Amino acid sequence: MAQPSGRDITPARGTLGVMLVGLGAVSTTFVAGVENVRRGTGIPIGSLSQMGTIRLGKRTEKRSPKIKDFVPLADLKDLVFAAWDPIPDDAYAAAVKAGVLERHEHLEPIKDFLQGIKPLPAPSTSITSSGCTAPT
Amino acid sequence: MKTGKNKRDLAEQLRQDIRDFKKRSGADRLVMIWAASTEVFLTIGPAHQTLQAFEQAMEQSDPAIAPSMLYAYAALMENVPFANGAPNLTVDLPALQRLAEERRLPIGGKDFKTGQTMMKTVLAPAFKARMLGLAGWYSTNILGNRDGEVLDDPESFKTKEESKLGVLEYILQPDQYPELYGNVFHKVRINYYPPRGDNKEGWDNIDIFGWLGYPMQIKVDFLCRDSILAAPIVLDLALFFDLAQRARLSGIQEWLSFYFKSPQTAPGLYPEHDLFIQQTKLKNTLRWLMGEEQITHLGIEYYEKA
């Protein structure tokens, strides 16, 4: 069968800055989770890009690479973070307040990293909360 | 907090934040993701039709311009892809969609599909696949985080409710199956209950019917952790939106519907809500990007040898 040619994709060189609107429960759980994964103290469960595989060709070919080995995604080690929030708590204080992750197991060991993420002030008309998004 | 003489001024300050972060962090590329609260209910109006009208409305601090739209505008003006994790309108506007297309930037939304709606978009397609009828679906949530508090406000809940209610209608196609889905009672409630914090409980009572109309019931009680379900979605969206930009995919990224409760689509298209259709769409897009064959699951070649 004729192979389609695919798309020209610029390689993922250098770092990817992830700018988050809101530094609440969701954002801090995400950022702290990525850092734990990078340090080998956690597994990115629930992430298709990190855990998932993709079947290629016929079943008899037995080709099922991980998605992250198949498409040129940014590597977790190359992510840097910023966030806006009306509340000036850094990512460590916000994560402790959110109370999602275990403080001793997942926050304390990366305290310096989290404290380095200080929110940019949100516009005053914003109702962006330090709470979280609405993933119901 | 930032103050400014009008909303456009605030948007310009956000653009400056983006430029400053890029310089300070040395980041080669950026993506922006909305991971904040649900805003009050808005509908698309004249201010959202063209970029000119949008910019003028910002200058007049028109209430039709929600805070999330300022971030989306700032992102696009700085050539940064934008993904919307809440049910707010945000980039779901003709003006910003056109801006994204013109600048060849990926955008997408809306509303992270995490707990109850994820289950709904798995179960409803199963009933439909087996041609089982649905009489009613009652969904209630108790949650005690800031999200729950915001959603206790009727105007914010309305934004959320639209996002949660649309799903069944699109999946079940009552027009095509009036005997099965022509009379579904669908109810969604969110109740703020502080003791649970971020640990939510989503209850679903589903009344279905089978052969000759005999009724049956299904109960789902999902004790979930909101942010534990949302965090991996934020990660995947950050990585896939960056990939989309490097692959020069612009405008609405429907192949990432997998992650959203109310997927944005091209005008005139209905959204695909079925989780496994969304997964197939995502994986086939990756195959297409990399020049691999599409998987159709036909598989006749294993049986009919040439």
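Thresholds, definitions, all that
- Residues numbered from 1 in each chain as written.
- Chains lettered and ligands numbered in written order.
- Predicted model: local features only at pLDDT ≥ 70, side-chain atom pairs only at ≥ 80, totals over all residues.
- Helix = DSSP H or I, 4+ residues; strand = E, 2+ residues; numbered from the N terminus.
- Buried ≥ 20, exposed ≤ 12 C-beta atoms within 10 Å, placed from the backbone.
- Contact = placed C-beta atoms within 7 Å.
- Nonpolar A, V, L, I, M, F, W, Y, C, P; charged D, E, K, R; others polar.
- Pairing = 2+ DSSP bridges.
- Axes fitted to C-alpha atoms, helices over the stretch in contact; angles between N-to-C directions.
- Arc of directions from axis to C-beta.
- Left-handed = near helix turned anticlockwise from the far one by under 90°.
- Domains from an automatic or database assignment.
- Core = buried A, V, L, I, M, F, W, Y, C linked by C-beta atoms within 7 Å.
- pLDDT = per-residue confidence, 0-100.
- Expected span 1.5 Å × (residues − 1).
- Parallel < 35°, antiparallel > 145°, perpendicular 65-115°, else oblique.

Engineer: Is there a simple way to explain the overall build of chain A in this structure?
Structural biologist: Per the secondary structure count, chain A includes six helices and three strands. Scored against the burial criterion, the 136 residues of chain A give a buried share of 48%. Counted over contacts in chain A with a minimum sequence separation of 6, partners at least 24 positions apart contribute 71%.

Engineer: Explain the interface of chain A and chain B to me, please; I cannot follow it from the model alone.
Structural biologist: Many authors give the size of an interface as the accessible area that is lost as the parts come together. The interface is formed by 63 residues belonging to chain A together with 76 residues belonging to chain B. Elements with a minimum of two residues in the side of chain A that touches chain B: strand S1 (16-21), helix H1 (25-38), helix H2 (48-51), helix H3 (67-70), strand S2 (79-85) and strand S3 (120-121) of chain A. Here the side of chain A that touches chain B gets seven residues from one element, more than from any other, and that element is H1(A). When grouped by side-chain class, the residues that make up the side of chain A that touches chain B number 35 nonpolar, 25 polar and three charged.

Engineer: Would you explain the sheet that holds strand S3 (residues 106-108) of chain B in this entry?
Structural biologist: Through backbone hydrogen bonds, the strands of a sheet pair up, either in parallel or in antiparallel fashion. Within the open sheet, the seven strands sit side by side as S3(A)-S2(A)-S1(A)-S1(B)-S2(B)-S3(B)-S8(B). Their pairing is parallel. Pairing within the sheet leaves two strands with one partner each, and these edge strands are S3 of chain A together with strand S8 (251-252) of chain B. Here S3(B) runs beside S8(B); their pairing, made up of two bridges, is parallel. Bridge pairing links Ile107(B) to Ile252(B) in S8(B).

Engineer: Could you clarify how one ought to interpret the sheet that holds strand S5 (residues 185-192) of chain B in this entry?
Structural biologist: All names here are of chain B. Strand order in the open sheet made by the four strands is S5-S4-S6-S7, with mixed pairing throughout. Each of the sheet's edge strands pairs with one partner strand only, and the pair in question is S5 and strand S7 (215-225). Adjacent strand axes in the sheet meet at a mean angle of 10 degrees, parallel and antiparallel pairs treated alike. Bridge count between strand S4 (residues 133-143) and S5: eight bridges; the pairing is parallel. Bridge pairing in S5 places Asn141 opposite Ile190. Helix H5 (residues 116-129) contacts S4, strand S6 (199-209) and S7 of the sheet and is inclined by roughly 15 degrees relative to S6. Running at roughly 80 degrees to S7, helix H9 (residues 226-246) makes contact with S4, S6 and S7 of the sheet.

Engineer: What's the story with helix H4 (residues 94-102) of chain B in this structure? I'm lost.
Structural biologist: In an α-helix there are 3.6 residues to a turn, and that puts residues three or four apart on one side. All names here are of chain B. Along H4, the positions that sit buried rather than exposed are Ala95, Leu96, Leu99 and Ala100. When H4 is viewed along its axis, its buried side chains cluster within an angular range of 130 degrees and face the same direction. The elements touched by buried residues of H4 are helix H2 (51-59), helix H3 (67-77), S3 and S8. Downstream of H4 by one or two residues, Arg104 has phi in the positive range, about 55 degrees.

Engineer: What am I meant to see in the packing of H1(A) against helix H4 (residues 91-98) of chain A here?
Structural biologist: For any two helices packed against each other, one specifies the crossing angle of their axes together with the interaxial distance. Residues and elements named next belong to chain A. One way to put it is that H1 packs onto H4 with a least axis distance of 9 Å and a crossing angle of 115 degrees. When you trace H1 past H4, the crossing you get is left-handed. Taken together, the residues of H4 that come into contact with H1 (itself represented by Ala25, Thr28, Val31 and Ala32) are Ala91, Ala94, Ala95 and Ala98. Here the residues of the contact of H1 with H4 are counted per class, giving seven nonpolar, one polar and no charged.

Engineer: How should I be thinking about the pairing of S6(B) in this particular structure?
Structural biologist: The side chains of a regular strand alternate between the sheet's two faces. Residues and elements named next belong to chain B. Strand direction decides the pairing type here: S4 and S6, joined by nine bridges, are antiparallel. Pairing of Trp137 across the sheet is with Ile206, part of S6. The sheet contact formed by S6 and S7 spans 11 bridges and is antiparallel. Each bridged residue has a counterpart across the sheet, and for Lys200 the counterpart in S7 is Cys224. Counting the residues in the hairpin turn of S6 and S7 gives five residues, including Leu212, whose phi is positive at 60 degrees.

Engineer: Looking at this structure, how should I read the domain arrangement of chain B?
Structural biologist: Residues and elements named next belong to chain B. On domain assignment, one finds that chain B holds domain 1 (7-112 + 229-289) and domain 2 (116-225). Taken over C-alpha atoms, the centre of domain 1 sits 26 Å from the centre of domain 2. On the domain 2 side, the residues contacting the 17 residues of domain 1 number 23 residues. By residue class, the composition of the side of domain 1 that touches domain 2 is eight nonpolar, five polar and four charged.

Engineer: Help me understand the nonpolar core in this model?
Structural biologist: The nonpolar side chains of a soluble globular protein tend to be buried, and buried together. Within the largest apolar cluster, 104 residues are counted, with the highest numbers of intra-cluster contacts made by Met32(B), Ile33(B), Val234(B) and Leu237(B). Take this core: its biggest share by element is 14 residues, from H9(B). Setting aside residues up to four positions removed in sequence, Ile33(B) forms contacts with Val18(A), Leu20(A), Ala83(B), Gly85(B), Val234(B), Leu237(B) and Ala238(B). Judged by nonpolar contacts, the second largest core, of 11 residues, contains Leu134(B), Trp137(B), Ile171(B) and Leu180(B).

Engineer: Sorry if this is basic, but what is going on with the confidence of the model for chain B here?
Structural biologist: It should be kept in mind that the predicted coordinates are not to be read in detail where pLDDT is low. This prediction gives chain B a mean pLDDT of 93; 99% of its residues lie at or above 70. At the level of individual helices and strands, chain B shows its lowest average pLDDT in helix H6 (residues 146-151) of chain B, which scores 76, and its highest in strand S1 (residues 29-34) of chain B, which scores 98.

Engineer: When you look at H1(A) in this model, what are you seeing that I'm missing?
Structural biologist: With 14 residues, H1(A) extends 20 Å from end C-alpha to end C-alpha; this agrees with the ideal 20 Å at 1.5 Å per step. For H1(A), a buried count of 12 out of 14 residues is recorded, marking the element as mostly surrounded by other parts of the structure. Every buried residue belonging to H1(A) is among Ala25(A), Val26(A), Ser27(A), Thr28(A), Thr29(A), Phe30(A), Val31(A), Ala32(A), Gly33(A), Val34(A), Glu35(A) and Asn36(A), and all of these are buried. For H1(A), the secondary structure elements touched by its buried residues are S1, S2, H4, helix H5 (103-107) and helix H6 (111-115) of chain A together with H9 of chain B. Once H1(A) finishes, Gly40(A) follows within two positions and takes phi at roughly 80 degrees, a positive value.

Engineer: For this particular structure, what's the right way to read the packing of helix H1 (residues 7-25) of chain B against H2(B)?
Structural biologist: Residues and elements named next belong to chain B. Relative orientation of the contacting elements H1 and H2 amounts to 105 degrees, with a least axis distance of 5 Å. Viewed along their axes, H1 and H2 adopt a mutual orientation that is roughly perpendicular. Contacts from Lys7, Arg8 and Ala11 of H1 reach H2 at Glu55, Met58 and Glu59.

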